[in-house]
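A closer look at the structure
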2 protein chains.
Amino acid sequence: MNSLTEENYLKALFNLSQENGEVSVNELSKHLQIKMPTVTSMMKKLGEKKLVHYESYKPLKLTEKGRREAGLIIRKHRLTEMFLVEQMSFGWEQVHEIAEQIEHIHSPEFFEKMDELLGYPKFDPHGSPIPDKTGKMEWIHFSKLSDCKVGDNVKLSGVTNSSGDFLKFLNTRELKLGIKIKIKSIEKFDGSMEVSYGKRASEHLSGLVCERLLVEKE
Amino acid sequence: MNSLTEENYLKALFNLSQENGEVSVNELSKHLQIKMPTVTSMMKKLGEKKLVHYESYKPLKLTEKGRREAGLIIRKHRLTEMFLVEQMSFGWEQVHEIAEQIEHIHSPEFFEKMDELLGYPKFDPHGSPIPDKTGKMEWIHFSKLSDCKVGDNVKLSGVTNSSGDFLKFLNTRELKLGIKIKIKSIEKFDGSMEVSYGKRASEHLSGLVCERLLVEKE
DNA sequence: TATATTTGTTAGATTAATCTAACTATTTAT
DNA sequence: ATAAATAGTTAGATTAATCTAACAAATATA
């Protein structure tokens, strides 16, 4: 059994290694806001538990076992977010903080029931995939809105940032998952876009926002 | 903010002091399965935080503040049990373990929402009263079935023990809250009873079981 | 390549929560 | 009323998770 603290390290490693599979001590330290020596010693401990491949001065990598355990924590987190939105009518901007705590509950039956009540969802309210019961996660190929071209018609399918402030901003613009967006023009130097969607004929989205919106091309 | 550990001491004190308002270090130690010296030192700490009246060799008493904070934890526990039974269709024998963990979640909105979805319940699935938002709990005057007389017609309104085994036993006998029970005879020397209820014309209940069933006289 | 910067590790201290062993106070029973 | 039993406390050790200070390795830069 892993401690709550260990679970948080595993989860952070899982999330950070999404790109290249490797994470530096420094990166992990910054992400968790925990000083590097503390991270080093935890990595040694997780190394002994065969959850992380640890060697001095080498980048960190989760083992297969580590990836599985981390995936299961993230599964609990995302199922919880979905449950809060779908069954308890929370807004998608409210659920991260609560799920951050509930993901550490030890009760297979509890999450099994959530999954069942939700109809075995594949994505959470922010469009992130929910790992399966073995901790495995299908990786998805959504594009960033910022990588699209003028004239593209796309479907908003996810966000790369679940901070309350960002999601509240999207709420004010009626930007929710599933809507169709048409790109009317792109401002080269700052990456901002002029788009239309729903009842909004013309909206300006900053480069930062476009970077954070994940879309599927039709 | 109290730690999870502190919360568990507060809750235990609250539950144990239901009778006389005072608890011995020994009692608390046994209940929590934590050695007495550890309990003593935690009591000093809670004393400094003004949650407990602590004096060497004197019985322990929660302060007003301590009683409020403990009541709020128990509120979260009981709301959770109710939510698990009513909204997630768990059995009443399954919910204690899960609620034991969820009671430590810090999120007023989460429990507020539960309360609302449940229609502001006053009792949990085992018939225990749910403290209000200020941590105050109405004390209730249910009698034990074992204190009733032959011929009494009573309503089963609560249980004093929420262990899975006991509740599963009640399930097998179709004994659930709300049913009407008629006492047909009492065995003096062991306190066991012959009763009838629902479709069961004659059932034998041991003295131990009768001690644990709370009823309201008509 | 030599130096400076950044990254990572070691050593040692701190805090919370726990324990055991030894001692003291209170309560119970003869 | 004294001895025995029970309850409570003190002292000191342990473990997990954190920190700072000092040092070492790796990387970037001049």
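Described below are features of the structure shown in this document. What you see is a predicted model; the values in this text were computed from it and never measured.

1. Overview of the protein's contact with DNA strand D
Near DNA strand D, the surroundings consist of 21 residues, among which S3(A), K45(A), N26(B), K44(B) and Y54(B) are the closest. Of what DNA strand D places within 4 Å of the protein, 75% of the atoms are sugar or phosphate. Y57(A) has a polar side-chain atom sitting 3.4 Å from a sugar or linking oxygen of DNA strand D. Contact distances for DNA strand D include 3.2 Å between a phosphate oxygen and a backbone N or O atom of Y57(B). For the surface near DNA strand D, the secondary-structure elements that each account for two or more residues are α1 (4-16) and α3 (36-48) of chain A together with α2 (25-32) and α3 (36-48) of chain B. Among the elements that line the surface near DNA strand D, the one with the most residues is α3(A), at 5 residues.

2. Some thoughts on the pairing of strand β4 (residues 153-159) of chain B
All names here are of chain B. Most of β4 sits out of view: 5 of its 7 residues are buried. Of the pairings in the sheet, the one linking β4 to strand β5 (residues 180-186) comprises 3 bridges and is antiparallel in character. Looking across to β5, one finds that K155 is bridged to K180. As judged from the 5 bridges shared by β4 and strand β8 (residues 213-217), these two strands associate in the antiparallel manner. Looking at β8, one finds that V154 is bridged to K217.

3. Comments concerning the interface of chain A and chain B
Listed as interface residues are 18 residues of chain A and, on the opposing side, 18 residues of chain B. Of all residues in chain A, M88(A), Q101(A) and F110(A) give up the largest surface area on contact with chain B, accounting jointly for 34% of the area buried on that side. Our count for the chain A to chain B interface comes out at 0 salt bridges. The interface formed by chain A and chain B includes 4 residue pairs in polar contact (both at pLDDT 80 or more). Those elements giving two or more residues to the side of chain A that touches chain B turn out to be α4 (64-86), α5 (95-102) and α6 (108-118) of chain A. The dominant element in the side of chain A that touches chain B, judged by the number of residues it contributes, is α6(A), at 5 residues. Class assignment for the residues of the side of chain A that touches chain B results in 10 nonpolar, 6 polar and 2 charged.

4. Observations concerning the packing of aromatic side chains
Summed over all chains, the structure comprises 5 aromatic pairs over all chains. Across from the ring centre of F90(B), 5.0 Å away, lies the NZ or CZ of K113(A), which sits over that ring. Note that R212(A) overlies the ring of F166(A), its terminal NZ or CZ placed 5.0 Å from the centroid.

5. Side note on the relation of the copies chain A and chain B
If you rotate chain A by 180° and push it 0.0 Å along the axis, it lands on chain B with an RMSD of 0.0 Å. Within this description, the copies of the chain are treated as partners about a two-fold rotation axis. Taking C-alpha positions as the reference, the residue of chain A nearest the rotation axis is I102(A), at 3.7 Å. Here 100% of the interface residues in chain A have copies in chain B that are interface residues too; the copies meet face to matching face.

6. Some points on the packing of α1(A) against α4(A)
Residue and element names in this part refer to chain A. In the contact formed by α1 and α4, the axes pass within 9 Å of each other and the chain directions differ by 95°. The angle between α1 and α4 falls in the class roughly perpendicular. Two secondary-structure elements touch here, α1 through E7, L10, K11, F14 and N15 and α4 through G66, R67, E69, A70, G71, I73, I74 and R78. Here the residues of the contact of α1 with α4 sort into 5 nonpolar, 3 polar and 5 charged.

7. Some points on the sheet that holds strand β6 (residues 193-197) of chain B
Residue and element names in this part refer to chain B. The sheet built from 6 strands is open, its strands ordered β3-β8-β4-β5-β6-β7 with antiparallel pairing. Only two strands of the sheet have a single neighbouring strand rather than two, namely β3 (143-144) and β7 (200-205). Along the sheet, helix α7 (residues 164-172) makes contact with β4, β7 and β8, crossing β4 at roughly 145°.

8. Observations regarding the environment of K182(A)
Residue and element names in this part refer to chain A. By the element assignment, K182 lies in strand β5 (residues 180-186). Residue K182 is classed as partly exposed on the basis of its relative accessible area of 39%. For the pair K182 and L60, spaced 122 residues apart in the sequence, the C-alpha separation amounts to 41 Å. Sequence-distant contacts of K182, that is, excluding residues within four places in its chain, are made with D152, N153, E194, V195 and S196.

9. Notes on α1(A)
Residue and element names in this part refer to chain A. When the terminal C-alpha atoms of α1 are compared, their 18 Å separation across 13 residues agrees well with the 18 Å that a helix rising 1.5 Å per residue should span. Those residues of α1 that fall on the buried side of the exposure criterion are E6, E7, Y9, L10, K11, A12, L13, F14 and L16. Against the buried residues of α1 lie α2 (25-32), α3, β1 (52-53), β2 (61-62), α4 and α5.

10. What about the sheet that holds strand β8 (residues 213-217) of chain A?
With antiparallel pairing, 6 strands are arranged side by side in an open sheet as β3-β8-β4-β5-β6-β7 (chain A). The open sheet terminates on both sides in strands that have one partner only, identified here as β3 (143-144) and β7 (200-205) of chain A.

11. What about the pattern of salt bridges?
Counted by the stated rule, this structure contains 32 salt bridges over all chains. K144(A) is the salt-bridge partner of E211(A), the closest N and O atoms lying 3.2 Å from each other. Of the two residues, E211(A) is situated in helix α8 (residues 207-212) and K144(A) in strand β3; the sequence distance between them amounts to 67 residues. For E103(B), the salt bridge is made with K11(B), and the minimal N-O distance between the two is 2.8 Å. Placement of E103(B) in the loop between α5 (95-102) and α6 (108-117) and of K11(B) in helix α1 (residues 4-16) is noted, with a sequence separation of 92 residues between them. The exposure class of K11(B) is buried, given its relative accessible area of 9%.

12. As for the side chain of D115(B)
All names here are of chain B. Looking at the element boundaries, D115 is found in helix α6. Judged by relative accessible area, which is 4%, D115 ranks as buried. Excluding residues within four positions of it along the chain, D115 makes contact with R75, L79, Y120, P121 and K133.

Criteria and cut-off values
- Residues numbered from 1 in each chain as written.
- Chains lettered and ligands numbered in written order.
- Predicted model: local features only at pLDDT ≥ 70, side-chain atom pairs only at ≥ 80, totals over all residues.
- Heavy atoms only, no water.
- Near = heavy atom within 4 Å.
- Polar contact = N/O pair within 3.5 Å; in protein donor to acceptor, adjacent residues only side chain to side chain.
- Helix = DSSP H or I, 4+ residues; strand = E, 2+ residues; numbered from the N terminus.
- Buried < 20%, exposed > 50% of the residue type's maximum accessible area, 1.4 Å probe, protein only.
- Pairing = 2+ DSSP bridges.
- Contact = heavy atoms within 4.5 Å.
- Buried area = accessible area lost by both parts, 1.4 Å probe.
- Salt bridge = Lys/Arg side-chain N within 4 Å of Asp/Glu carboxyl O.
- Nonpolar A, V, L, I, M, F, W, Y, C, P; charged D, E, K, R; others polar.
- Phe/Tyr/Trp six-rings, centres within 6.5 Å; stacked < 30°, edge-to-face > 60°.
- Lys NZ or Arg CZ within 6 Å of the ring centre and 35° of its normal.
- Least-squares fit on C-alpha atoms with pLDDT ≥ 70 in both.
- Axes fitted to C-alpha atoms, helices over the stretch in contact; angles between N-to-C directions.
- Parallel < 35°, antiparallel > 145°, perpendicular 65-115°, else oblique.
- Expected span 1.5 Å × (residues − 1).

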